[in-house]
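Observations on chain architecture
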Amino acid sequence: MHRFIPILIVLAACAETDLPEPGPTEPEAAPVDLAFCKGEPFADSVGQPVSTIQASLPERTRVLGPDDLATQDYRIDRLNIYVNGSGIIQRLTCG
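So, a few notes on the structure that sits alongside this text. (Residues numbered from 1 in each chain as written. Predicted model: local features only at pLDDT ≥ 70, side-chain atom pairs only at ≥ 80, totals over all residues. Heavy atoms only, no water.)

1. Concerning the overall build of the protein
Worth spelling out the cut-off: Helix and strand definitions follow DSSP, with helices as H or I runs of at least four residues and strands as E runs of at least two, each counted in order from the N terminus. Think of it in three bands: residues with accessible area under 20% of the maximum for their type are buried, residues over 50% are exposed, and the middle band is partly exposed, with areas taken using a 1.4 Å probe on protein chains only. Contacts are residue-level and defined by heavy atoms, with any inter-residue pair within 4.5 Å sufficient. Note on areas: these come from Shrake-Rupley sampling with a 1.4 Å probe, and a residue is covered only by the protein chains present in the view.
Assigned secondary structure in the protein consists of 1 helix and 3 strands. If you list the helices and strands of the protein from N to C, you get α-β-β-β. When burial is assessed residue by residue, the protein has 24% of its 95 residues classed as buried. Across the protein, the fraction of contacts at a sequence separation of at least 24, relative to all contacts at a separation of at least 6, is 38%. Carbon and sulfur atoms make up 58% of the accessible area of the protein, which totals about 7800 Å².

The structure is reproduced here in structure tokens:
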């Protein structure tokens, strides 16, 4: 019985497989409403260094780098600013 296993593996590798057809693309995410966390004035800051706005950020703001740890609690009034390794703002969220 064990001598048939390699033959079955070869036959399985030669079998035709049906590739799934590409489905519709996912819709774009809705824009984030930064009004809840007082982040609207900073919405145009994506692509700029975080140091240019750091002095004027709301009280509960978190600036998170690529390797930073963050709690998973959700606070609608907290502004989260995600930066890359160079301190350039990548995105803003409330939560």
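2. A few points about the pattern of salt bridges
Convention followed: Salt-bridge detection follows one rule: a side-chain nitrogen of Lys or Arg within 4 Å of a carboxyl oxygen of Asp or Glu.
For the structure on display, the rule yields 3 salt bridges. Across the salt bridge formed by R78 and D73, the nearest N and O atoms sit 3.4 Å from each other. Among the residues examined, D73 registers a relative accessible area of 38% and is labelled partly exposed. Here D77 and R75 are joined by a salt bridge, their closest N and O atoms 3.6 Å apart.

3. Things to note about the pairing of strand β3 (residues 89–94)
Basically, it comes down to this: Strand pairing is assigned whenever DSSP identifies at least 2 bridges connecting the two strands.
Note: strand β2 (residues 79–83) against β3, 5 bridges, orientation antiparallel. In the strand pairing of β3, N80 is matched with T93. Counting the residues in the hairpin turn of β2 and β3 gives 5 residues, including G87, whose phi is positive at 85°.

4. Considerations on the packing of aromatic side chains
Our working rule: Pairs were defined over the aromatic rings of Phe, Tyr and Trp, the Trp ring being its six-membered one, requiring ring centres within 6.5 Å. Orientation was assigned from the angle between planes: stacked under 30 degrees, edge-to-face over 60, tilted for the rest. Note on geometry: a ring has a charge over it if NZ (lysine) or CZ (arginine) is within 6 Å of the ring centre and within 35 degrees of the ring normal.
What the rule picks out here adds up to 0 aromatic pairs. Seen from the ring of Y82, R91 lies directly overhead, with NZ or CZ sitting 4.0 Å from the centre.

5. Some remarks on the pairing of β2
When you tally the buried positions in β2, you get 4 out of 5 residues, the bulk of the element. In terms of strand pairing, strand β1 (residues 62–64) meets β2 through 3 bridges, oriented parallel. By the bridge assignment for β2, L64 is matched with Y82.

6. Things to note about the sheet that holds β2
Consider a sheet: its strands pair through backbone hydrogen bonds, and that pairing is either parallel or antiparallel. Which entries qualify depends on this criterion: To get an axis, fit a line to the C-alpha atoms, keeping to the stretch in contact for a helix; angles then go from 0 to 180 degrees between the N-to-C directions.
Overall, mixed pairing links the 3 strands, which are arranged β1-β2-β3 in an open sheet. Bordering the open sheet on either side are β1 and β3, each of which pairs with just one other strand. Averaged over all adjacent pairs, the angle separating strand axes in this sheet is 20°, with direction ignored.

Scope: geometric values only; no functional claims are made or implied.
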